[in-house]
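Working through the structure, step by step
Listed below, chain by chain, are the residues.
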Amino acid sequence: FFLLIMIFTVGTVWADKVTLTAEAPDVVVSGDQFRLSFTVNTQKGKDFRAPSIKGFEVLMGPSRSSQSSTQIINGKVSSTSAVTFTYILMAGEAGTYTIPAASIEVDGEKVFSNSLTVKVLPPDKAGATGRPATGSVSPSRSAGTQIAANDFFFTTTASKTNVYEQEAILLTYKVYT
């Protein structure tokens, strides 16, 4: 019985480990835009410090977004949360660049992200990145593809179209990227 309690306690402590994860495409083409994101798996983080980003032009960022989820299944409550800091970068000259680790402070302790290596190809070698040769765009776009004006939109729907004064309705916002 004591052993089971210890295993459960240690498992819970490991499950609550705070991580900061950096994500970006491995290969980009010179002149293309791409996303660089840093995600921390808690809402408690403060004092986010982005690394010095050399070899890329920062077009936007950091943009902060947060998410949280709570589930109740058969009386068992579980919840997760995360905060993401996103940058939009433009690849500069061809070469291989290293993006150093970022840091954030959580409960008085500094947490560091992984570092990233991004290879920038000259524009004439665009076919080597795995893009379709026919020029068609894949329906599922990854974080490393070029960002166009029509890549983001949202819709709003109401649960009722005829309502009375003081009657509650549900508005649903859907964001598409």
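Residues numbered from 1 in each chain as written. Predicted model: local features only at pLDDT ≥ 70, side-chain atom pairs only at ≥ 80, totals over all residues. Heavy atoms only, no water.

The strand order β2-β10-β7 describes an open sheet built from three strands, whose pairing is mixed. Both edges of this open sheet fall to β2 (27-29) and β7 (95-99), since each of them pairs with a single strand only. Strand-to-strand twist across the sheet, computed as the mean angle between neighbouring axes with direction ignored, equals 30°. Of the strand pairs in this sheet, β7 and strand β10 (residues 116-121) are connected by five bridges, and their pairing is antiparallel. (Pairing = 2+ DSSP bridges. Helix = DSSP H or I, 4+ residues; strand = E, 2+ residues; numbered from the N terminus. Axes fitted to C-alpha atoms, helices over the stretch in contact; angles between N-to-C directions.)

Of note, Asn74 is a non-glycine position whose phi angle comes to about 55°, a positive value. In this fold, Asn74 is placed in the loop between β5 (56-73) and β6 (76-91). Residue Asn74 is classed as exposed on the basis of its relative accessible area, which comes to 82%. Within the chain, Asp107 stands out as a residue other than glycine whose phi angle is a positive 50°. Examined against the element boundaries, Asp107 turns out to sit in the loop between β8 (103-106) and β9 (109-112). (Buried < 20%, exposed > 50% of the residue type's maximum accessible area, 1.4 Å probe, protein only.)

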